[in-house]
Protein chains: 2
Amino acid sequence: MASEVPTRTYRRLSVEERRGQLLNAALDLFAHRVPEDVSLDDVAEAAGVSRPLVYRYFPGGKQQLYEAALRSAAEELEHCFAEPPQGPLTQRLARALDRYLAFVDEHDAGFSALLQGGSVIETSRTTAIVDGVRRAAAEHILSHLDVKEPGPRLRMTVRMWITAVEAASLIWLDEEKEPPLDELRDWLVEQFVACLVATAGRDPQTAGVVRAALALETAEGPLGELVRRVLPVVGDARL
Amino acid sequence: MASEVPTRTYRRLSVEERRGQLLNAALDLFAHRVPEDVSLDDVAEAAGVSRPLVYRYFPGGKQQLYEAALRSAAEELEHCFAEPPQGPLTQRLARALDRYLAFVDEHDAGFSALLQGGSVIETSRTTAIVDGVRRAAAEHILSHLDVKEPGPRLRMTVRMWITAVEAASLIWLDEEKEPPLDELRDWLVEQFVACLVATAGRDPQTAGVVRAALALETAEGPLGELVRRVLPVVGDARL
């Protein structure tokens, strides 16, 4: 029975499990401190293993560990975007944003350090990983908009909004996480609708997408609310 | 009279003139190639001076020269934003965007390399310079919106749009400068209006800004056009 007493169990982990454990420890550290302030000793200590063991798994040292952790975070983030293609688009987008914003909330310092640039740990490889996440986000959105061959204007609108969401996330982290997450989420959904509607004015494909999307919304939904709040503001204009 | 024949005149430049000449040569090179592909020899050759002379002005080598060139480009860019506070806001924004987009057009490869991140030449100092330009752009816009103490929602909306404009510029460079600049400019103005109007739905300060701004517009102006193009798209929705 003695063998079942939980002691330092790390010798029993498989290679994959060990790797995952080290990545999780690293992700947790990178989430709360800038990469410059995380050492391999910190990672070893957090994972309850020796420094040489960390080096055995990541012989490239901190840079390799950081990139692996980033890749793992990128996968997690891409899972956030998955959403069944049913129901009003504003609801689908709101649910995906809830998961994305929870990720931002959890990984705050690391998320900022990575996206604000100029970090010692930033390389063309880390940039490529982040760009991959942006591309995945754009593809998810375009697939929900149900267009097979999105034209340049629709694609540019979606990519502009994704960048704007990133900017909003960084500002939100910087401004002590104000406004509350659900308010930020609703606002970002409204910004998406506004950008799409403006593009619809000059692009027939986007106009088709907007018509189809609006047909799924109800007067009680977030778009009905938006219209009721915005109309009084613009109603007096002599346009 | 022999002394008036233009030969290699560089010994006659003042320190400031020489520095400016080297920066211009560097900016021109960085505009057309990624920083990795520009050597100090190239800069010396383009400026028609010796390599040691370049080093005398920039003893920190390429990194120092790059940062100085970037600082000079940042100043040029901030001049683009200056616009007298008269007339409809959409016209002021369109004129500032014209100058900004001309800058993007001129500095294309360098602009992309700098903003896409992961460049060998990117440091916390270059990031700070770029952030300074973003801040300057935001301050210009907020001053045109004529608000003394912009609240968090108005500031976030402006900063999100600025990031979206950057994204659009990079995509535009990447997609062989399509659509034409004047179309891109009008579209970006419309996106700004759309984002501001959406925020006005949840923020009284932004609502006040939108009312005041709309009062300066005319039915024949770009906003009147936008409304006429967008209304048929959203008119059928049961909101």
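Computed from a predicted structure; not experimentally measured.

Conventions and cut-offs
Residues numbered from 1 in each chain as written. Chains lettered and ligands numbered in written order. Predicted model: local features only at pLDDT ≥ 70, side-chain atom pairs only at ≥ 80, totals over all residues. Heavy atoms only, no water. Phe/Tyr/Trp six-rings, centres within 6.5 Å; stacked < 30°, edge-to-face > 60°. Helix = DSSP H or I, 4+ residues; strand = E, 2+ residues; numbered from the N terminus. Buried < 20%, exposed > 50% of the residue type's maximum accessible area, 1.4 Å probe, protein only. Lys, Arg positive; Asp, Glu negative; His and termini not counted. Salt bridge = Lys/Arg side-chain N within 4 Å of Asp/Glu carboxyl O. Polar contact = N/O pair within 3.5 Å; in protein donor to acceptor, adjacent residues only side chain to side chain. Contact = heavy atoms within 4.5 Å. Buried area = accessible area lost by both parts, 1.4 Å probe. Nonpolar A, V, L, I, M, F, W, Y, C, P; charged D, E, K, R; others polar. 1 Å grid on protein atoms, 1.4 Å probe; cavity = no way out; pocket = protein on both sides within 12 Å on 5 of 7 lines; lining within 4 Å. Points joined across faces, edges and corners; volume = space filled by probe spheres on them.

Visitor: So what's going on with the packing of aromatic side chains? Residues and values would help.
Guide: Residue and element names in this part refer to chain A. A full pass over the atoms with the stated rule returns six aromatic pairs over all chains. Judged by centre distance (6.3 Å) and plane angle (70 degrees), the ring pair of Y100 and F111 falls under edge-to-face. With Y100 in helix α5 (residues 89-106) and F111 in helix α6 (residues 108-116), this residue pair connects regions lying eleven residues apart in the sequence. Accessibility expressed as a relative area gives 8% for Y100, which makes it buried.

Visitor: Break down the side chain of E217(B) for me, with residues and values.
Guide: Residues and elements named next belong to chain B. Tracing the backbone through its elements, the reader meets E217 in the loop between α10 (204-215) and α11 (222-234). Buried and without a salt bridge, E217 has R92 as its closest oppositely charged side chain, separated by 8.0 Å. In terms of polar contacts, E217 uses its side chain to reach the side chain of T90, at 2.8 Å.

Visitor: How would you summarise the interface of chain A and chain B if you had to cite specific residues and measurements?
Guide: Facing the 60 residues of chain A at the interface are 60 residues of chain B. Carbon and sulfur atoms supply 62% of the area that chain A and chain B bury against each other, a total of about 5,000 Å² over both sides. Put simply, chain A and chain B have six salt bridges between them. Across the contact surface, chain A and chain B share 16 residue pairs in polar contact (both at pLDDT 80 or more). Of all the elements in the fold, those that place two or more residues in the side of chain A that touches chain B are α7 (124-144), α8 (152-174), α9 (181-200), α10 (204-215) and α11 (222-234) of chain A. Tallied by class, the residues present in the side of chain A that touches chain B amount to 31 nonpolar, 13 polar and 16 charged.

Visitor: Break down the layout of surface pockets for me, citing the residues and quoting the values.
Guide: Here the largest pocket is characterised by a volume of approximately 1,500 Å³. Along the walls of the largest pocket sit 46 residues, with R134(A), T163(A), E166(A), T163(B) and E166(B) positioned nearest its centre. Elements that contribute at least two residues to the lining of the largest pocket include exactly α6, α7 and α8 of chain A together with α6 (108-116), α7 (124-144) and α8 (152-174) of chain B. For the lining of the largest pocket, the per-class residue count stands at 18 nonpolar, ten polar and 18 charged. Volume-wise, the second largest pocket comes out at about 850 Å³. Lining the second largest pocket are 26 residues, with V230(A), V234(A), V197(B), V230(B) and V234(B) sitting closest to its centre. Within the residue set of the lining of the second largest pocket, elements represented by two or more residues are α9 and α11 of chain A together with α9 (181-200) and α11 of chain B. Counted by class, the lining of the second largest pocket contains 26 nonpolar, no polar and no charged residues.

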